[in-house]
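Coordinate analysis (summary)
The chain contents come next:
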Amino acid sequence: MKTNFLNLSGVKVLSKENQRTIKGSAIADYSLCGCSCSGAVTGPEYCKVIFACTQEYSCQEES
């Protein structure tokens, strides 16, 4: 499988030293997270990990 990646243009193998100098992080947009009126977490999948909603039914029923 490694040889398949090396056949892609622009792909190179990083040395151990290069791997140590890479810094980065995943940035999540928490403004996409929310709660539905039934108390379920809404938004992307990562919201379920970092966000909590009260398990309370708060929907307004229309007559």
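Let me begin by describing the structure that accompanies this report. Here the structure is a predicted model, which is why all the values come from computation and not from measurement.

**Focus on the pattern of salt bridges**
If you walk through the whole model with that rule in mind, you get 2 salt bridges. Between Glu17 and Arg20 there is a salt bridge whose closest N-O contact spans 3.2 Å. Of the two residues, Glu17 and Arg20 are both situated in helix H2 (residues 16–21); the distance of 3 residues between them amounts to about one turn of the helix. A salt bridge links Lys48 to Glu45; the nearest nitrogen and oxygen atoms lie 3.4 Å apart.

**Comments concerning the state of the cysteines**
Among covalent bonds in proteins, the disulfide is the one between the sulfur atoms of two cysteines. In the structure shown here, the tally under the stated rule is 2 disulfides. Residue pairing for Cys33: its cysteine sulfur links by disulfide to Cys47, the two sulfurs lying 2.0 Å apart. Looking along the S-S bond of the Cys33-Cys47 disulfide, the torsion reads about -80°, which is the left-handed sense. Of this pair, Cys33 sits in the loop between H2 and strand S1 (34–35) while Cys47 is found in helix H3 (residues 47–50), placing the two residues 14 residues apart along the sequence. Covalently, Cys35 is tied to Cys53 through a disulfide, its sulfur atoms 2.0 Å apart. Taking the sign of the S-S torsion, -95° for the link of Cys35 and Cys53, the bridge is left-handed. On the criterion of sequence distance, the pair formed by Cys35 in strand S1 and Cys53 in the segment after H3 is long-range, its members being 18 residues apart.

Thresholds applied
Residues numbered from 1 in each chain as written. Predicted model: local features only at pLDDT ≥ 70, side-chain atom pairs only at ≥ 80, totals over all residues. Heavy atoms only, no water. Salt bridge = Lys/Arg side-chain N within 4 Å of Asp/Glu carboxyl O. Helix = DSSP H or I, 4+ residues; strand = E, 2+ residues; numbered from the N terminus. Disulfide = S-S within 2.5 Å.

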